[in-house]
Amino acid sequence: DAAIGFLREQPSVNRARVFALGHSEGGQLVPLVASAGAPVAGIALMAPPALPLDQVIAKQLPAQSPMLERIERTDWFKSYLGIDPAKTIAHVHQPILILQGEEDRNVLAPDALRLVNAAKATNHDVTYKLYPHDAHEFLVLKPGQTMLDTATVIDPALIDDLIAWLKAHARG
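Residues numbered from 1 in each chain as written. Predicted model: local features only at pLDDT ≥ 70, side-chain atom pairs only at ≥ 80, totals over all residues. Heavy atoms only, no water.

(A) Summary view of the overall build of the chain. Check the secondary structure of the chain and you find 8 helices and 4 strands. Ordered by position from the N terminus, the helices and strands of the chain form the series α-β-α-β-α-α-α-α-β-α-β-α. Taking 16 Å as the expected radius of gyration for a compact globule of 172 residues, we find that the chain reaches 17 Å, a close match to that expectation. By principal-axis analysis of the C-alpha atoms, the chain measures approximately 50 × 35 × 30 Å. The burial tally for the chain puts 44% of its 172 residues in the buried class. Excluding contacts between residues fewer than 6 apart, the proportion of contacts in the chain whose partners are at least 24 apart in sequence is 66%. Distance between charge centres in the chain, computed from 15 positive and 19 negative side chains, equals 5 Å. (Helix = DSSP H or I, 4+ residues; strand = E, 2+ residues; numbered from the N terminus. Rg over C-alpha atoms; globule rule 2.2 N^0.38 Å. Buried < 20%, exposed > 50% of the residue type's maximum accessible area, 1.4 Å probe, protein only. Contact = heavy atoms within 4.5 Å. Lys, Arg positive; Asp, Glu negative; His and termini not counted. Charge placed at Lys NZ, Arg CZ, Asp CG, Glu CD.)

What follows is the structure in structure tokens.
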């Protein structure tokens with residue numbers, strides 16, 4: 001919220017055209033800020049969690065993993081308990097762009113529809129884009145390639161879609 005306020009105070013920034021973008025965990029934070037009344041023209045979410053954090057982590061790690069046990073004891077993890085991204089996004093009334101990679105193994109693509117449907121239930125200006133060959137970082141994976149390989153190209157379609165959406169929503 002402080003960053004948004006700072007941007008809006010800059011003489012070279014049109015106060016009515018400040019958008020917030022969040023990736024992964026940031027994709028969960030941005031709707032929290034927007035739903036709390038931050039003065040943003042819209043939000044763009046890249047690979048946002050669609051489920052509460054404990055469910056996301058449970059899908060990423062085996063149930064008996066020592067890593068899972070360590071994560072669950074952290075203050076960071078505890079600060080997210082009880083936050084359901086779908087419930088939060090239902091309170092965002094600004095335009096929303098949700099971008100998701102189909103090959104994302106951190107935030108699963110099928111879960112994204114839960115977030116999209118929750119947003120569309122209360123907001124008429126929700127755009128969802130699925131990128132079939134993109135990993136969590138929106139790097140383009142070739143068939144059979146994994147993130148352990150050398151995927152280094154950010155999907156140009158994602159950049160084009162983000163720019164087009166911003167241009168369409170930054171009028172005024």
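The structure having been displayed, the exposition proceeds.
(B) Geometry of the nonpolar core. Residues Val40, Ile43, Leu45, Ile89, Val92, Ile96 and Ile98 are the most contacted members of the largest nonpolar core, which totals 20 residues. Among the secondary structure elements, those contributing two or more residues to this core are helix H2 (25-35), strand E2 (42-46), helix H6 (85-89), strand E3 (96-101) and helix H7 (109-122). A total of 4 residues in this core trace back to one element, the largest contributor, which is H7. Not counting the four nearest positions on each side in its chain, Ile98 is found in contact with Leu45, Pro48, Ile89, Leu115, Val116, Thr127, Tyr128 and Lys129. In terms of nonpolar packing, the next biggest core, distinct from the first, is built from 13 residues, Ala44, Met46, Phe138 and Leu158 among them. (Core = buried A, V, L, I, M, F, W, Y, C linked by side-chain atoms within 4.5 Å.)

(C) Layout of the environment of Ile71. With respect to the helices and strands, the residue Ile71 is situated in helix H4 (residues 66-72). Counting along the chain gives 17 residues from Ile71 to Asp54, while the straight-line C-alpha distance between them is 9.6 Å. Contact partners of Ile71, with chain neighbours within four places excluded, come to Ile57, Leu61, Trp76 and Phe77.

(D) Focus on the environment of Gln94. Among the secondary structure elements, Gln94 is positioned in the loop between H6 and E3. Sequence-wise, Gln94 and Val40 are 54 residues apart; in three dimensions their C-alpha atoms are separated by 7.5 Å. Once you skip the residues sitting within four places of it in the chain, Gln94 turns out to touch Ala34, Ala38, Val40, Ala41, Gly42, Asn123 and Asp125. Here the side chain of Gln94 touches Ala38 through a polar contact of 3.5 Å, landing on its backbone oxygen. (Polar contact = N/O pair within 3.5 Å; in protein donor to acceptor, adjacent residues only side chain to side chain.)

(E) Structural view of unusual backbone geometry. Non-glycine residue Ser24 carries a positive phi angle of around 60°. Here Ser24 lies in the loop between strand E1 (19-23) and H2. Phi angles above zero are rare outside glycine, and Ala47 is one such case at about 50°. Positionally, Ala47 belongs in the loop between E2 and helix H3 (53-60). Assessed through its relative accessible area of 0%, Ala47 is described here as buried.

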